[in-house]
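Residue-level listing of the chains:
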Amino acid sequence: MKDLQHHMTNRFQDMNPYEFEHFLASMFDDMGYTTIVTNSSGDFGVDFIAEKDNRRIAVQVKRYAKGNKVGVQDLNQVFGGKEYYNCDTSMLITTSSMTMSAWELANNIDRAWIWEWPDLEKRIRETYKDQFPSYFADDHIAIKFVKMVGKAIMVIISIAFAAAYKE
């Protein structure tokens, strides 16, 4: 957990895939789910099962680089695993994004839950904001800086428009 801030800056690319799967299973535990991590090989397309409120979710994790998109074949794995493990729904979590074909399949065939990087990042921040308030809080120094620069730019633009309007 102490390295979470570091791992997030590079979308967990410095973690091996199994560490990342275990991190996400632990995060689901911290979100109130009970998780079962499957075998690292021969997992039938499911990295862990998350259970809550009598609902079983088959979760597939793809720790892909930013430009490497999740495709239809990745979703087919978790769809098959969902049936194998007798789950109610399937979920794919990626540090990247999905192809349009994968989105079409997810929306029309199985209604799978999908977390692309922005969704995953948001869930991590929500889950661990109390443990890392200085990093995950809305007033994080980087956010303050961006807001300050944005306000300065708006002031400059306003002054420029006011000067142009006078002429």
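Just so we're clear, the structure is a prediction, and the values are computed from it rather than from any experiment. (Residues numbered from 1 in each chain as written. Predicted model: local features only at pLDDT ≥ 70, side-chain atom pairs only at ≥ 80, totals over all residues. Heavy atoms only, no water.)

S.K.: Can you explain the overall build of the chain? Please cite residues and give values.
M.R.: Scanning the chain for helices and strands turns up seven helices and five strands. Ordered by position in the sequence, the α and β elements of the chain form the string α-α-β-β-β-α-β-α-β-α-α-α. Here the chain, with 167 residues, has 40% of them falling under the buried criterion. Long-range contacts, defined here as pairs at least 24 residues apart, represent 58% of the contacts in the chain between residues at least 6 apart. Looking at the chain as shown, the accessible area adds up to about 10100 Å², and 54% of this sits on carbon and sulfur atoms. (Helix = DSSP H or I, 4+ residues; strand = E, 2+ residues; numbered from the N terminus. Buried < 20%, exposed > 50% of the residue type's maximum accessible area, 1.4 Å probe, protein only. Contact = heavy atoms within 4.5 Å. Areas by Shrake-Rupley, 256 points an atom, 1.4 Å probe, with all protein chains shown as cover.)

S.K.: An account of the sheet that holds strand S4 (residues 89–94) is needed here, citing residue identities and associated values.
M.R.: Taken in spatial order, the five strands make up an open sheet running S1-S2-S3-S4-S5, and their pairing is mixed. Of all strands in the sheet, those with a lone pairing partner are strand S1 (34–37) and strand S5 (113–115), marking the two edges. Each adjacent strand pair in this sheet contributes to an overall mean axis angle of 20°, direction not counted. Sitting on the sheet, helix H2 (residues 17–30) is in contact with S1, strand S2 (48–52), strand S3 (55–62), S4 and S5, with an inclination near 160° to S1. Packed on one face of the sheet, helix H5 (residues 117–128) meets S4 and S5 and runs near 85° to S5. (Pairing = 2+ DSSP bridges. Axes fitted to C-alpha atoms, helices over the stretch in contact; angles between N-to-C directions.)

S.K.: Describe the pattern of salt bridges, naming the residues involved and giving the relevant values.
M.R.: If you walk through the whole model with that rule in mind, you get five salt bridges. One salt bridge connects glutamate 51 with arginine 56, and the closest N-O pair in it is separated by 3.0 Å. Residues lysine 122 and glutamate 126 are paired through a salt bridge, measuring 4.0 Å at the closest nitrogen-oxygen approach. Taken together, the positions of lysine 122 and glutamate 126, both in helix H5 and four residues apart, correspond to about one turn of that helix. Take glutamate 126: its relative accessible area is 41%, and that puts it in the partly exposed class. (Salt bridge = Lys/Arg side-chain N within 4 Å of Asp/Glu carboxyl O.)

S.K.: I'd love a proper account of the side chain of aspartate 43, names of residues and values included.
M.R.: One can find aspartate 43 in the loop between S1 and S2. Put simply, aspartate 43 is tucked away with no salt bridge, and the nearest opposite charge, on lysine 62, sits 7.8 Å away. For aspartate 43, the side chain forms a polar contact with the main-chain nitrogen of glycine 45, separated by 2.9 Å. Excluding residues within four positions of it along the chain, aspartate 43 makes contact with Thr38 and Tyr85. (Lys, Arg positive; Asp, Glu negative; His and termini not counted. Polar contact = N/O pair within 3.5 Å; in protein donor to acceptor, adjacent residues only side chain to side chain.)

S.K.: Could you give me a rundown of the packing of aromatic side chains, with the residues and numbers involved?
M.R.: If you walk through the whole model with that rule in mind, you get seven aromatic pairs. Aromatic side chains tyrosine 84 and tyrosine 85 sit 5.0 Å apart centroid to centroid with 85° between the ring planes, which places their arrangement in the edge-to-face category. Note that lysine 52 overlies the ring of tyrosine 33, its terminal NZ or CZ placed 4.9 Å from the centroid. (Phe/Tyr/Trp six-rings, centres within 6.5 Å; stacked < 30°, edge-to-face > 60°. Lys NZ or Arg CZ within 6 Å of the ring centre and 35° of its normal.)

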